[in-house]
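Read off the chains here:
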Amino acid sequence: MQNKGLIRVFAILFGLVCLYQLSFTFITNGVEEKAEEFAASKYGENVENYSELRDQAEARYLDSVANEDIIAGITYSDAKEKELNKGLDLKGGINVILQISVKDILSGLANDSQDPAFRKALAEADAAQSDSQENYVDLFFESFNKIPGAKLASPDIFANKTLSDEINYNMSNDEVEPIVRQKIDESITSAFEVLRKRIDKFGVTQPNIQRLGNSGRILVELPGAKDISRVKNLLQSTAQLEFWHVYKSGEFGNFLMQANAIAMQMDQKTEQAQTASEADTTQTSGDSEIDDLLADAEDSTAVDTPQSRGLLGMMVSPGYPQGPVLATFKVQDTAKVMNYLRNPQVRSLLSSDMRYAKFVWGVPDDESQTTGLYALKGNRNMEPPLSGNVITDASQQYDQLGRVAVEMQMDGTGAKIWENMTGKASAEGSQIAIVLDNIVYSAPGVSSGAIAGGRSEITGDFTITEGQDLANVLRAGKLPASADIISSEVVGPSLGQEAIDSGMMSFIIALILVLLWMIFYYGKAGAFADVALAVNILFIFGILAGLGAVLTLPGIAGIVLTIGMSVDANVLIFERIKEEMAKGKIQRDAIKDGFSNALSSILDANITTGLTGLILFLLGTGPIKGFATTLLIGIATSLFTAIFVTRLFIDGYGKKGKSLDFSTAITKNLFTNMNIDFLKKRKIAYVVSGIVILVGIGSLFVQGLNQGVDFVGGRTYTVRFADAVNPTEVQNDLVAKFGSAEAKTFGPDNQLKITTKYKVDEDGAQVDEEIQRGLYDALQSYLPSDLTYDDFVDGSDAKTIGIMQSMKVGATIADDIKNASFWAVLGSLIVVFLYILLRFRKWQFSLGAVVAVFHDVLVVLGIFSLLYKIMPFNMEIDQAFIAAILTVIGYSLNDTVVVFDRIREYVNEHGSWTLQRTVNAALNSTLSRTLNTSLTTLVVLLAIFIFGGESIRGFMFALIVGVIVGTYSSLFIATPVMYDSVKKDNKDVLKKKSKQTEEEAATA
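Everything quoted here is computed from the prediction, not taken from an experiment.

Parameters at a glance
Counting restarts for each chain, with residues numbered from 1 along the sequence as it is written. Selection of residues for local features in this predicted model requires a pLDDT of at least 70, selection of side-chain atom pairs for listing and counting requires 80 or more, and totals for whole chains, interfaces and linings are taken over all residues. To get the side-chain values, all heavy atoms of the structure are used, and hydrogens and water are removed first. Secondary structure elements are taken from DSSP: a helix is a run of H or I of four residues or more, a strand is a run of E of two residues or more, and numbering for both begins at the N terminus. Each residue gets one of three labels from its accessible area relative to the maximum for its type: buried under 20%, exposed over 50%, partly exposed in between, using a 1.4 Å probe on protein chains only. Whether two residues are in contact is decided by their heavy atoms, any of which lying within 4.5 Å being enough. Method for areas: the Shrake-Rupley scheme with a 1.4 Å probe, in which residue coverage is limited to the protein chains shown. Residue types Ala, Val, Leu, Ile, Met, Phe, Trp, Tyr and Cys, when buried and joined through side-chain atoms within 4.5 Å, form a set referred to as a nonpolar core. Pairs were defined over the aromatic rings of Phe, Tyr and Trp, the Trp ring being its six-membered one, requiring ring centres within 6.5 Å. Orientation was assigned from the angle between planes: stacked under 30 degrees, edge-to-face over 60, tilted for the rest. A pair of strands is considered paired only if DSSP assigns at least 2 bridges between the two. Every axis corresponds to a line fitted to the C-alpha atoms, with the helix fit spanning only the stretch in contact, and the corresponding angles, defined between N-to-C directions, vary from 0 to 180 degrees. Should the near helix be turned counterclockwise from the far one by less than a right angle, the crossing is left-handed, whereas a clockwise turn marks it as right-handed. Ten residue types, Ala, Val, Leu, Ile, Met, Phe, Trp, Tyr, Cys and Pro, are classed as nonpolar, four, Asp, Glu, Lys and Arg, as charged, and the remainder, Gly among them, as polar. Salt bridge, as used here, is a side-chain nitrogen of Lys or Arg placed within 4 Å of a carboxyl oxygen of Asp or Glu. Only residues whose relative accessible area exceeds 30% and that form no salt bridge are eligible for patches; like-charged ones are grouped when within 9 Å, while nonpolar side chains (Val, Leu, Ile, Met, Phe, Trp, Tyr) are grouped when within 5 Å.

Turning our eyes to something else, we now look at the overall build of the chain. What the chain contains, in helices and strands, is 33 helices and 23 strands. Residues classed as buried in the chain amount to 51% of the 1004 residues present. For the chain, the share of sequence-separated contacts (at least 6 apart) that also reach a separation of at least 24 residues comes to 74%. If you sum the accessible surface of the chain, you get close to 46300 Å²; carbon and sulfur atoms cover 55% of it.

Put into structure tokens, the structure is as follows:
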């Protein structure tokens, strides 16, 4: 090997750089461990809310030492920015995909147009969106263009005052479309920037936010975020801040009395209809049910007295005549009250100067569960005199009474309008309502005259956190459209720590087993390979830290899998060296030729695996991308360490005049002189594989696959209990609550994975809250009596009971994920077929490889279909399973390509041999490498399967099955199919003289 000195220097320098990159992680871990110890010593477990107090103490400690010099001028803050990033599953936190409503943006651009054609196109786009993968704006334009005579440039649609500089009524639809698309893109970009600014205020380290194509979707990852409810609310808040003049309570006294009379009549009609229905039921029921019905009727009458009906019956207290609150009601009655107030007959009672009154609620009181009703002075267009887009700055402060307040500064335009509004309110002795997202936060009076300068404050019953959040939202700006969480994953911090522990356990065990096996099988040469393997691991972690990549639990699995697969390169080299030595070559020449001859197979095998890893990286999201990242890095580093680092050790040992055996006394003659007639057994293999595939396909048609929420949509929760629970009993209780639910044991007996499709098509924080509360209520009998709802949902770092992890996938994005997965698998097959065709120049090789891959995929799918109902671990078909399938494809091809490479070599070396003898000889010569690599990889996978944690057990099982089947198919499917396709042509199309042979013949 030439340039050994340069390679040695590069390896040493690169190793030092990797150690430097990883040093930041060691520094931050050391400081954070001290912070934990400090917090634990300050607050013992006997202190109430000790977990929250410890979090606060840790934060204060870290703030106090953030800028202190730790080593060589490096501070904790510096190290924190450069440490190895941990993903959600290792650190806890939240990962969401937000869908910015393109419909809202279109309506905004059209000034909320009520044009029939515009509204019809929006409605049709809504309906088509649920079954289509196209962008909403494409569906809208497609529907609009089908409407005869409909013009986008109509003054009632986009040729309005707002867009008059860019769109005029003479423009065609084709001319308007790109302008509207540009405006939509600008709005989504604005939403992206608003969200980014909000996220910067969370104080979360290493946040990630990125746009997903042109679909209006935005990915937000916040590792380490603990207050999940706060994060969700802040991400989805549109921050529609408005300032309205408000009516006084005394102005609505007569209206409420008259409205109450109509409400009573409405209730009476409803009762009469119910009574008639009950009478019909009584006539058709048996005598045995009469007493029950009468009892129910008596109970209903006792509860629903005339005083409890109507508006006045539900009123908790009337408002002060000169105040802005009309009346106070229970939160649970707000929907019914609004139903009365929206009734046309009730609205007709309003006088002409009040006909545009807008009724809204105030901030609910948590203790009494009541809220006030306000009447805003609306107008024909229901537009506020002043909106929040005039705010230039906002901050959380305290008012004169020491209460939390939010201070705002307006721009020049806003300041002028604000001065007019406050002047009018002061003169009339009225109030101004400060409304955020249709909730009145405060309605202060103005007693000191007009307020000039545009500075004002919002006061209300805020906590410090709520005040900070509101200030952050106002300062960052409002979202241009509503943002719904269509996909989310939440991992509790305690579950993250368990994942780290299990991941590291599997990593260490797998590493030890591989290191021992290499020494056992190859002796001193195996020890050199182990050193190269250790260097490889250092390189992988160093590169991950240097690139700022995120380490996830599947990422750890990818590293461990890389350990097993990186051994393959060394195995190929050592086996070729043994073959050269068996030919009688001296050690130095055997090593040289062994490395040279193995290089082609090593490159082919790693390129095919790398191609599937690249497809995973491009099409995968979240943890799958983490797996692909580590796999790709591992392939690159393992190639370097096997080809160059191992060579340095072996050559250096040989220079000392010492002989180096590439085996031990036990393994010296293992797999030598093998003479198995693989091709003779191919028909038996065809029959066996055919039966297995047919049984699997039959199972796929009969009982299908256990598709996860990734593919069908829904919500899934990992819930841990204090004691073991019966999943069937829990499932029955959940079905009674939601109508659709599934509960399965997930790991230990006291942990369940609960999945429901209840309201799968509905988004929003309120729906998430409803389902979580329903889950809490349904599980009450299985939970400790003192476990509150907040602790059940969020809890602390030390949380051991409640929701440990949750995931939500909307139906639309589930279809997108399913389609992306299909194209990922199909794309990988096409890419691999083309690569093998390019590499071997014979379609027969590509055919054999692709048939083997199809065989492997069908077998894995069939086994999952047959076993998912009886296996004690999760076997869902989700994104992780698709990653496993693509990895299996890469591994199977890795094995197949090595065999094909040897066949091609033997064809050119032994021109007089028959094709059958050539193929069998090639298969026998690579058998040692095939079984060695497969066994090493299986040992690694089994270590992860047993010790790596419940969340990736199904993923590992798919890989284990895939490796076994892939090894079998490379010997008994890929090669025989290639052989049969060549034999059918009745000519040896594989035989090809090498360039060197042709040149020698020409010279002669």
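Counting residues in each nonpolar core, the largest one holds 125 residues, and the members touching the most others are Phe-574, Ile-836, Phe-881 and Ile-889. Other than its neighbours up to four places away in sequence, Ile-889 contacts Thr-612, Val-825, Ser-828, Leu-829, Val-853 and Val-857.

This paragraph deals with the packing of aromatic side chains. One pass over the structure, following the stated rule, counts 33 aromatic pairs. With 5.1 Å between their ring centres and 65 degrees between their planes, Phe-243 and Trp-418 make a pair best called edge-to-face. Taken together, the positions of Phe-243 in strand 7 (residues 241-246) and Trp-418 in helix 15 (residues 412-428) put the pair 175 residues apart, joining distant regions of the chain. The burial state of Phe-243 is the same as that of Trp-418; both residues are buried. With 5.4 Å between their ring centres and 50 degrees between their planes, Phe-574 and Phe-662 make a pair best called tilted.

A separate point is the pairing of strand 10 (residues 358-362). Most of strand 10 is tucked away: four of the five residues are buried. By the bridge criterion, two bridges tie strand 10 to strand 16 (residues 439-442) in an arrangement that is parallel. The residue bridging Trp-361 from the neighbouring strand is Ile-439, located in strand 16.

Here strand 8 (residues 315-318) runs beside strand 9 (residues 327-330); their pairing, made up of three bridges, is antiparallel. When the bridges of strand 9 are listed, Met-315 appears paired with Phe-329. Sheet topology note: the strand 9/strand 11 (residues 370-376) ladder contains four bridges and is antiparallel. Each residue of the ladder has a partner; that of Thr-328, found in strand 11, is Gly-372.

Reading across from one edge, 13-14-17 is the order of the three strands in this open sheet, with antiparallel pairing throughout. Edge positions in the sheet fall to strand 13 (391-398) and strand 17 (455-459), since each of these pairs with one other strand and no more. For this sheet the average axis-to-axis angle between neighbouring strands, irrespective of direction, equals 25 degrees. Judged from the seven bridges that link them, strand 13 and strand 14 (residues 404-410) form a sheet pairing that is antiparallel. Its bridge partner lying in strand 14, Gln-397 is registered against Ala-405. Across the sheet, helix 15 lies against strand 14 and strand 17, angled at about 115 degrees from strand 14, the strand it touches most.

Here we take up the packing of helix 28 (residues 843-867) against helix 29 (residues 879-909). Packed helices, taken two at a time, are described by the angle their axes make and the gap between the axes. The interhelical angle for the contact between helix 28 and helix 29, taken along N-to-C directions, is 145 degrees, at an axis separation of 10 Å. The handedness of the crossing between helix 28 and helix 29 is right-handed. Where helix 28 approaches helix 29, its residues Phe-845, Ala-849, Val-853, Asp-856, Val-857, Val-860, Leu-861 and Phe-864 are matched on the opposing element by Phe-881, Ile-885, Val-888, Ile-889, Ser-892, Leu-893, Thr-896 and Phe-900. Residue composition of the contact of helix 28 with helix 29, grouped by class: 13 nonpolar, two polar and one charged.

Another aspect to go through is the pattern of salt bridges. Evaluation of the coordinates by the stated rule reveals 22 salt bridges. Between Arg-119 and Asp-112 there is a salt bridge, with its nearest N and O atoms 2.8 Å apart. A salt bridge links Arg-181 to Asp-138, with the shortest nitrogen-to-oxygen separation between them at 2.7 Å. Linking Arg-181 in helix 8 (residues 173-200) with Asp-138 in helix 7 (residues 136-145), this pair joins segments that are 43 residues apart in sequence. Look at Asp-138 and you get partly exposed, because its relative accessible area is 24%. Connected through shared salt-bridge partners, Arg-576, Glu-579, Arg-902 and Glu-905 make up one network.

For Asp-589, the location among the structural elements is in helix 20 (residues 587-619). Counting along the chain gives 12 residues from Asp-589 to Ile-577, while the straight-line C-alpha distance between them is 9.1 Å.

As a further point, take unusual backbone geometry. Non-glycine residue Asn-111 carries a positive phi angle of around 55 degrees. Locating Asn-111 in the fold gives a position in the loop between helix 5 (102-109) and helix 6 (116-129).

Now for a nonpolar patch on the surface. On the surface, Val-9, Ile-12, Leu-13, Leu-16 and Leu-19 cluster together into a nonpolar patch covering about 460 Å² of accessible area. Mapping Ile-12 onto the fold places it in helix 1 (residues 4-42).

What follows deals with the sheet that holds strand 6 (residues 217-223). The eight strands lie next to each other as 5-6-4-18-23-20-22-21, forming an open sheet whose pairing is antiparallel. If you trace the sheet from one side to the other, it starts and ends with strand 5 (208-212) and strand 21 (742-745), each paired once. With direction set aside, neighbouring strand axes in the sheet form an average angle of 20 degrees. Relative to strand 6, strand 4 (residues 93-100) runs antiparallel, the two sharing seven bridges. The residue bridging Gly-93 from the neighbouring strand is Pro-223, located in strand 6.

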